Each structure stands twice: as C-alpha cells, then as structure tokens.
Amino acid sequence: MLVRDTLREILKAVLEECRAAGDLLSGSFPPLVIETPADPLHGDFATNVAMQLARTERKAPRAVAAVIAAQLAKSSALFARIEIAGPGFINFYLQPSFWQQQLPAVLAEGCAYGCSATGAGKKVQVEFVSANPTGPLHIGHGRGAAIGDTICRLLAATGWHVSREFYYNDAGQQIANLALSVQARCLGCEPGDPSWPADGYQGDYITELARAYLAGEAVDADGSVVTAAADPTDLEAIRRFAIACLRREQDLDLLAFGVQFDNYFLESSLYTDGLVDKAVQRITDNGYTYEQDGALWLKSTAFGDDKDRVMRKSDGGYTYFVPDVAYHLNKWERGFVRVVNEQGADHHSTITRVRAGLQALAAGVPENWPEYLLHQMVTVMRGGEEVKISKRAGSYVTLRELIDEVGRDATRYFFLMRKPDSQLVFDIDLAKQQSTDNPVYYVQYAHARICRIFESAAESGRHPEAGAGAVALLVAVEELDIMKQIAAFPEIVAAAAENFEPHRITSYLHELASLLHSFYNRHRVLGEDAALTEARLYLLTAVRQILRNGLAILGVSAPEKM
RNA sequence: GCGCUUGUAGCUCAGCUGGAUAGAGCAACGGACUACGAAUCCGUAGGUCGGGGGUUCGAAUCCCUCCAAGCGCGCCA
C-alpha cells in the first residue's frame, strides 16, 4: 500500500475515534488530504483536515488540530513526532524505522517495485505515431513515439493489459500524391516543371525512391517482398513500391528508437473489408445524415460540433474522418473498453468529429471514448536558428538523424522531460553535447556510480545482501532523504500513468540521482565499520533498482559503465 | 472572429490536482579530489508566477476579463 494511503486510513480511523469520544462533533468528514510539505521542517507529511473542520466544529482550527493530534499520538506508534503548525496544519514525522523498512520491500519486489494493479488486467489499446507512409519519420513523430511508448509502459506498470497499435494511412489523396511525385521523378521531372504534380513531395527521398524503382530493386516490408516493376507508366506499381520502401524505413527508425507495435492496422483494409460503407450506412439508418449540394452530411452538431460535416463528397469520395470513425468502431468491437490515441495537437479537430461519428453509430460507445493524449508541436533549433519543418519542401529533421546524432537514450529522455501540453524546443546542438547539460547523463551516472561501488565492494569481500539486518544504522539525513524518495516511487508511477505525464518520472529520477550524489559526496560507503558499510550497500541496491525501474519506464538504458 | 493549448529566475522547465517563506537544471560568481568515478558535491546571486478583477481562513493552481505566443477552424489528410 502507498505510504500516503496508509496515513489516510490511520487518520480516518482517528477521526472516528475522536467522534466516538465526543471530541469531534462534525457529522461527516471532508476528503482527507495527506500532502508532503514543500519545506522538510514541516514534517514528512501534513494534513489540513483541522482547518477544513473548523467551521462545522465551531472552533479555531488549531484547537481542532490539538484534539486530533492527541488522538493520533495515542493510536499509532508510527509517528516520531506530531506538531501543530501555522494556521492549523498537523505535521507528521515518521519513525526512521518506517523508512528503513521500505528497503527490504524494494529488494523483494525487484523490477516489479513501483507497479500496481489499478488496471486489474483490463484491456487498453494505445494508438500512436500513425504516420502517413509519405516520408521518413520526423522529429514530431519522435515526440509522439517517445510519449506513446512510455504511456504504454506506464499503463502496463499500473496493471493494464496494453496493446500498441499503429494506424497506417495507406489510402487516400496523400498516397496518390506520393505515387505521382515518384512517377514524376522517374520521368525526369523536377519541382517547378509544368508537368510536376500540384502538391507533390519534393524531398530527396522521392528521388531516391524513383531511382530504386527504375533499378528494379526489391524491398522487404512487414514480411512480404515487393519488387519494383521499373515501369514509369505503372502508377499502381509505383505506389506499392513507394509505400513498401517508406514502411520499411519507418519500421527501422522505430526499431532504432526502441519502439515496437503489437498491431499495424491498414486504412486500406477498411475499404476492402467494406467497413467504411457499413459505418456510413449505419449512421444513415440512424437518421444522423442528410443530403445537400450533392454531398452526404453528418449531423455532428447533434453531438457538440460547431457545424455539420461532409462525409461523402459530391465526387463520391469520403472525407478523411469517415474511415477514422469506421476504424474506431472496429476498435470498440475488438473489445477495447479503453482506447488512448496519442497524436499531435494539430489534429485536435478530429476529436469532436470521430466522437460525433461514433455517437451517431449508436453502438453503445461512451461519449468521451476514445481518450486523447495530444502533444504540442516541436520546434527544432540548429546552430542557433529555427529549422522550418515542411514535408513537401523536404526540409525537416528526421527521427533517424536525431537518433544518429544525439543517441537514443538522450533523444527519448529529452522528449519526455516536459509535459506533453507544452511546446518543445529541441536544441540539437545542446542535446548532442555529452555533458551535464543533458540530464540523462546525470541520472545514468548515478546508476553507473553505484555499479562501480559494488565492484569495489566485491573486491574487498563485502556484499550488499548482508546489510538487510543493519538497516537501523541508516539514520543520517542524506540516508533518510533517499529512503523517503524511494518510498514515493509507486505513487509517482501511478500519477504519471493516470495523468499521461511521463515527465513526472524524469523529474523524480533526477531528484533521486541528486540525493544519491549528495549522499555519496557526504558519506563514505566502503568504510571501516563493516555493519554500516553493509547497510549502505543495501541502501544503494535499492536505489539502483529504482533507477533501473524508472529508466525502464522511459525506455532509457541503465548503463553499468559510462 | 471562434475553439484548444501555453505564459513561473537571463535561458529550459517543475510545482504532488487549493496550502505554510514559489523550486530544479543550465548560464554567472566563490569553494571541495593523496581513499568508493569531480560526468559529482557545497555555497552565493537571481521573481510583480503575463496584467487586472473575483471566489475563501489561504490562489502560480479555481472563475471572469484583457494581453501575448503556438496550433486548429475545407466537399485537404
């Protein structure tokens, strides 16, 4: 059980005891808040319950606090000290033994420490990246990949059965543009020529695709081999070859980034399986459509949208969100009572439309299903200048370049360091520096440092396991601070998972590493006193375990040497 | 014009869902290695929490209103 929950239960029981004894008169108690004060002089934990009760008790907050504090001291041996402070806070100081007892728990649970069973094994699907196969993955996809992947790890750590899905937009206008662009290059056209396709893609990779196609190369993507027909007039063959090539490139980039999916869902399959037509028919049958100006409209205003939206254009084609609705109906029918879509904030407007379409289907889908996790845009700085991102012009930083230049660990950590809601300035020059500017080294160094201490310890025949019985010797401020931080890990993981906020993990790990480094500089681990040495090695074993667990959630390695 | 997100130290960002004197990391300045890795530590300095109202015992946090930035607002995807 989380430390905070333990305290909340104790407090709740004490309040009941006070009421039974006639010391408290309030008929009901407010939700009990156990907070960790910003200032350690205000205790390990504090509660504001006395201030909240002051009104119904018709007494001064501090007087109420006095009653509760007295009963707390009587009821539990957990507290070293209880104080009433400020306007009526009750501050708790826990016994050192309470913190010391956290260590065996960490070692016993090992890589499972920090996990919880909140999800109870229920199914959740997380869709992320879902890039169009019209070019290499860029830095924005990188942020989505890092966040999405970490959310999956967080959900798994909190007891959910996670399925990772990549939605592959292999149908539609953008793919047609891709094929036309490659064909144009095959025919020797260049951007600006009269015959160059409108909205054609101009990146170097298009030229490369054309060359490979004309050379009759073969590409292995997703288990099947596609061989180029080398015929510039065969647009369909060009399309298939280009998609296969880009798909393979994206897969390789994601693999290099440490991101893997359980399922790739092809947009084209929605059409070939008739799911799009079926969804549209069902919405029409439900009476949520009408014809106007030769198009079929969805009455999305019935579900909170600003205006109604066209589903089927006057030329007979569907608008982009229609297959999306069919896709999400399919997710629902696959039994995912919980679905999270991680995507860039520039696609924000799709949320209302997809949800409206799902409601119009009347399939029993909850109104706020699926959940969305949006990340804000990434701007790239290089050489002190902003790099403008434009896929059509072919000017952008690819995820692959980033991994090659910056390294996988630093790239992931950098993407995860701030909350998804904030815009991210990715300074490539800064991230490339393998210096303290990059916090990932700070955290990894703490891990490597512990590993080195263990090497030295082993050489002198001292072993961390032997410290289990000596934890009572760990009473230095720096040691207690570390144990308190250790005890907080499970609730940090829970909060990060619940709020979709990976940056809570990076902040936490940075603090833990900082405490470790401070301790290391202040105290000698391998000292004269054998018992104390073993106790400290035992402490470091727990710290190392948590550094590993935390970094694993981020998908960042925990090196033993650097 | 409308919607979403953001605005906190010179820079990049936290702030535990309304708590006590607002915190880190860079950058600046001054210190600490003849013992476990100095990729580290200790200290100093740095603030009208975008502005203004409101809610209450108490607001960076909640409400209103301005200001500024980013992203959306198509029979494009």
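How each quantity is defined
- Residues numbered from 1 in each chain as written.
- Chains lettered and ligands numbered in written order.
- Predicted model: local features only at pLDDT ≥ 70, side-chain atom pairs only at ≥ 80, totals over all residues.
- Heavy atoms only, no water.
- Domains from an automatic or database assignment.
- Near = heavy atom within 4 Å.
- Polar contact = N/O pair within 3.5 Å; in protein donor to acceptor, adjacent residues only side chain to side chain.
- Helix = DSSP H or I, 4+ residues; strand = E, 2+ residues; numbered from the N terminus.
- Nonpolar A, V, L, I, M, F, W, Y, C, P; charged D, E, K, R; others polar.
- Pairing = 2+ DSSP bridges.
- Axes fitted to C-alpha atoms, helices over the stretch in contact; angles between N-to-C directions.
- Parallel < 35°, antiparallel > 145°, perpendicular 65-115°, else oblique.
- Left-handed = near helix turned anticlockwise from the far one by under 90°.
- Contact = heavy atoms within 4.5 Å.
- Core = buried A, V, L, I, M, F, W, Y, C linked by side-chain atoms within 4.5 Å.
- Buried < 20%, exposed > 50% of the residue type's maximum accessible area, 1.4 Å probe, protein only.
- Expected span 1.5 Å × (residues − 1).
- Right-handed = clockwise from strand over helix to strand, strands pointing away.
- Salt bridge = Lys/Arg side-chain N within 4 Å of Asp/Glu carboxyl O.
- Phe/Tyr/Trp six-rings, centres within 6.5 Å; stacked < 30°, edge-to-face > 60°.

Peer 1: So what about the domain arrangement of chain A? Which residues, and what values?
Peer 2: The domain boundaries assigned to chain A delineate domain 1 (3–94) and domain 2 (100–116 + 437–554). Taking only C-alpha atoms, the centre of domain 1 and the centre of domain 2 are 31 Å apart.

Peer 1: Can you lay out the protein's contact with RNA strand B for me, pointing to particular residues and giving the numbers?
Peer 2: Every one of the 60 residues lining RNA strand B counts as a neighbour, but Arg55, Tyr442, Tyr445, Arg449 and Asn499 are closest to it. Sugar plus phosphate, as a fraction of atoms of RNA strand B within 4 Å of the protein: 61%. Within the side chain of Gln376, a nitrogen or oxygen atom sits 3.4 Å from a sugar or linking oxygen of RNA strand B. Measuring from a base nitrogen of RNA strand B, one finds a backbone N or O atom of Val525 at 3.1 Å. Counting residues per element, the ones that place at least two in the surface near RNA strand B are helix 2 (49–57), strand 4 (89–94), helix 7 (173–186), strand 11 (295–298), helix 17 (439–459) and helix 19 (503–522). Class assignment for the residues of the surface near RNA strand B results in 20 nonpolar, 25 polar and 15 charged.

Peer 1: Describe the sheet that holds strand 14 (residues 371–375), naming the residues involved and giving the relevant values.
Peer 2: Strands sit in the order 9-6-5-13-14 across an open sheet of 5 strands; the sheet is parallel. Taken across any chain shown, the strands that pair with only one partner, and hence form the sheet edges, are strand 9 (263–266) and strand 14. Ignoring which end each strand starts from, the neighbouring axes of this sheet average 25 degrees apart. Alignment of strand 5 (residues 123–127) against strand 6 (residues 161–168), held across 5 bridges, turns out to be parallel. Its bridge partner lying in strand 6, Val124 is registered against Val162.

Peer 1: Which residues make up the packing of helix 17 against helix 19, and what are the values?
Peer 2: Two measures define how a pair of helices packs: the angle their axes make with one another and the distance between the axes. With their axes 9 Å apart at the nearest point, helix 17 and helix 19 run at an angle of 45 degrees to one another. As far as their axial angle goes, helix 19 and helix 17 are oblique. The two elements helix 17 and helix 19 cross, and the hand of that crossing is left-handed. Residues Pro439, Tyr442, Val443, Tyr445, Ala446, Arg449, Ile450 and Ile453 of helix 17 pack against Leu509, His510, Ala513, Ser514, Leu516, His517, Tyr520 and Asn521 of helix 19. Each residue belonging to the contact of helix 17 with helix 19 can be placed in one class, and the counts come to 11 nonpolar, 4 polar and 1 charged.

Peer 1: Residues and numbers for the sheet that holds strand 16 (residues 385–387), please.
Peer 2: Hydrogen bonds between backbone atoms are what pair the strands of a sheet, whose relative direction is either parallel or antiparallel. Across the sheet, which stays open at both edges, the 3 strands sit in the order 16-15-17 with mixed pairing between neighbours. Both outer strands of the open sheet, strand 16 and strand 17 (424–427), are each paired with one neighbouring strand and no more. Neighbour-to-neighbour, the strand axes of this sheet turn through a mean angle of 35 degrees, independent of strand direction. Both strand 15 (residues 378–382) and strand 17 contribute to a ladder of 4 bridges, which runs parallel.

Peer 1: An account of the nonpolar core is needed here, citing residue identities and associated values.
Peer 2: Ile68, Phe426 and Ile486 are the most contacted members of the largest nonpolar core, which totals 114 residues. The residues that make up this core include at least three from each of domain 1 (3–94) and domain 2 (100–116 + 437–554). Those residues within four positions of Ile486 in sequence are excluded, and the remaining contacts are Leu103, Val106, Tyr113, Tyr508, Leu539, Ala542, Val543 and Ile546. Val276, Met311, Tyr327 and Trp369 belong to the second largest nonpolar core, which has 29 residues in total.

Peer 1: Break down helix 6 (residues 139–157) for me, with residues and values.
Peer 2: Across its 19 residues, helix 6 extends 27 Å between first and last C-alpha, which sits within 8% of the 27 Å expected from 1.5 Å per residue. Of all the 19 residues making up helix 6, 17 are buried; the element is thus mostly covered by neighbouring parts of the structure. In the segment just after helix 6, Gly159 is the residue with positive phi, at about 90 degrees.

Peer 1: I'd like to hear about the pairing of strand 6, residue by residue, with values.
Peer 2: Within a regular strand, side chains alternate between the sheet's two faces. Here strand 6 lies mainly inside the structure; 7 of its 8 residues are buried. Of the crossover connections in this fold, the one passing from strand 5 over helix 6 to the parallel strand 6 is right-handed. Two elements, strand 6 and strand 9, share 4 bridges in a ladder whose sense is parallel. Residue pairing for strand 9: Glu165 is matched across the bridge by Asn263.

Peer 1: Can you tell me about the side chain of Thr47, naming the residues and giving the values?
Peer 2: You can see Thr47 is positioned in strand 2 (residues 45–47). A polar contact is formed between the side chain of Thr47 and the backbone oxygen of Val33, at a distance of 3.1 Å.

Peer 1: An account of the environment of Leu94 is requested, with residue identities and associated values reported.
Peer 2: Secondary-structure assignment places Leu94 in strand 4. Among residues more than four places away in sequence, those in contact with Leu94 are Leu7, Asp44, Phe45, Leu78, Phe79, Ala80 and Trp99.

Peer 1: Break down the pattern of salt bridges for me, citing the residues and quoting the values.
Peer 2: In total, this model carries 25 salt bridges according to the counting rule given. A salt bridge links Arg400 to Asp253; its shortest N-O distance comes to 3.0 Å. Here the residue Arg400 occupies a position in helix 14 (residues 399–406), and Asp253 occupies one in helix 9 (residues 235–256), the gap between them amounting to 147 residues. The partner of Glu560 in a salt bridge is Arg548, and the shortest N-O contact between them spans 3.7 Å.

Peer 1: Which residues make up the packing of aromatic side chains, and what values go with them?
Peer 2: Summed over all chains, the structure comprises 20 aromatic pairs. Ring geometry for Phe128 and Phe261: centres 4.6 Å apart, planes at 40 degrees, overall tilted. Linking Phe128 in the loop between strand 5 and helix 6 with Phe261 in the loop between helix 9 and strand 9, this pair joins segments that are 133 residues apart in sequence. By relative accessible area, which is 0% here, Phe128 ends up buried. Taking the centre distance of 5.5 Å and the plane angle of 45 degrees together, the rings of Phe166 and Tyr168 count as tilted. Overall, the relative accessible area of 0% leaves Phe166 in the buried class. By relative accessible area, Tyr168 is classed as buried at 1%. Taken together, the ring pairs connect Phe128, Phe166, Tyr168, Phe261 and Tyr264 into an aromatic cluster.

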